[in-house]
Amino acid sequence: MTATMFRLYDVSLCNSLNARNSHLEREQAIAVDDLLEYNTFVPVGHEGGPYCLRLALADASLALHVRTEQGAHVVRHNVSLTSFHRVFKDYFMICENYNRALTRPNARRIEAMDTRRRAVHDDASELLRERLAPKVTVDKNTARRLFTLIYALFVESPAASDSILVSRKIMAVQR
């Protein structure tokens, strides 16, 4: 068994970003490049790939479609995003504040915000690993990059945008 047998060779996103957010678009491109360069992706009970992964949002869940390089179906797995909503909102606010802070540099503040952003990202990637575990095993770095892609899909979806706007208004009123 070689390392290339249990890895992704292609990743695609259904409803990919519509260039509404250049920062998210850049993060998505970096995540895909990093993911394809190094990843560990092991569908439970499958003898090996490499694999093609297609991610799509469907209602309140994430649909993962996995096939082999030859196009053979490997697994389809739906992951409920309900448990991710709070993480998405927290991550959105942290990223928004971090990007705003970059315009008025304060090294300590930016470092503290970046540390918090990474901690939330790590927590989210562990949650993702748990939710994928029944069908797919991924390493920590693969989960981090997948979370970045899922987050970008979620934030750009119309329902999520409305939800985040409502959260932003509530936070503004609470200040």
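Preceding this section is the structure that the text describes.
The shown structure was predicted, so the numbers you read here are calculated from the model rather than taken from an experiment. (Residues numbered from 1 in each chain as written. Predicted model: local features only at pLDDT ≥ 70, side-chain atom pairs only at ≥ 80, totals over all residues. Heavy atoms only, no water.)

Asks: Hey, could you go over the sheet that holds strand β3 (residues 51-58) for me, with residue numbers and the actual values?
Replies: In spatial order, the strands read β1-β3-β4-β5; together these four strands make up an open sheet with mixed pairing. Of all strands in the sheet, those with a lone pairing partner are β1 (8-13) and β5 (73-80), marking the two edges. Taken pair by pair, the neighbouring strands of this sheet meet at an average axis angle of 15°, ignoring direction. Where β3 meets strand β4 (residues 61-68), eight bridges bridge the pair, whose relative direction is antiparallel. Counterpart to Leu 55 in the pairing with β4 is Leu 64. Contacts between helix α4 (residues 140-156) and the sheet are confined to β1, β3 and β4, with β3 contributing the most and set at about 35° to the helix. (Pairing = 2+ DSSP bridges. Helix = DSSP H or I, 4+ residues; strand = E, 2+ residues; numbered from the N terminus. Axes fitted to C-alpha atoms, helices over the stretch in contact; angles between N-to-C directions. Contact = heavy atoms within 4.5 Å.)

Asks: Tell me what's going on with the packing of aromatic side chains, and back it up with residues and numbers.
Replies: Scanning the model with the defined rule gives eight aromatic pairs in all. Relative to Tyr 51, the ring of Phe 41 lies with its centre 6.0 Å away and its plane at 55°, an arrangement referred to as tilted. Separated by 10 residues along the polypeptide, Phe 41 in strand β2 (residues 41-43) and Tyr 51 in strand β3 bring together distant segments of the chain. Aromatic side chains Tyr 91 and Tyr 151 sit 4.8 Å apart centroid to centroid with 90° between the ring planes, which places their arrangement in the edge-to-face category. Taken together, the residues Tyr 91 in helix α2 (residues 85-101) and Tyr 151 in helix α4 connect sequence positions 60 residues apart. Tyr 91 sits in the buried class, given a relative accessible area of 7%. Of the aromatic side chains, those joined through ring pairs into one cluster are Phe 84, Phe 88, Tyr 91, Phe 147, Tyr 151 and Phe 154. (Phe/Tyr/Trp six-rings, centres within 6.5 Å; stacked < 30°, edge-to-face > 60°. Buried < 20%, exposed > 50% of the residue type's maximum accessible area, 1.4 Å probe, protein only.)

Asks: So what's going on with the side chain of Asn 39? Residues and values would help.
Replies: Within the fold, Asn 39 resides in the loop between α1 (22-37) and β2. Overall, the relative accessible area of 5% leaves Asn 39 in the buried class. Within polar-contact distance, the side chain of Asn 39 engages the backbone nitrogen of Leu 8 at 2.6 Å. Looking at Asn 39, its side chain comes within polar contact range of the main-chain oxygen of Leu 35, at 2.6 Å. (Polar contact = N/O pair within 3.5 Å; in protein donor to acceptor, adjacent residues only side chain to side chain.)

Asks: Kindly report on the pattern of salt bridges, identifying the contributing residues and their values.
Replies: Enumeration over the complete set of coordinates arrives at seven salt bridges. Between Glu 96 and Arg 100 there is a salt bridge; the shortest N-O distance is 3.3 Å. Highlighted residues: Glu 96 and Arg 100, both in helix α2, separated by four residues, approximately one helical turn. The exposure class assigned to Arg 100 is partly exposed, which follows from its relative accessible area of 38%. One salt bridge connects Arg 144 with Asp 122, and the closest N-O pair in it is separated by 2.3 Å. (Salt bridge = Lys/Arg side-chain N within 4 Å of Asp/Glu carboxyl O.)

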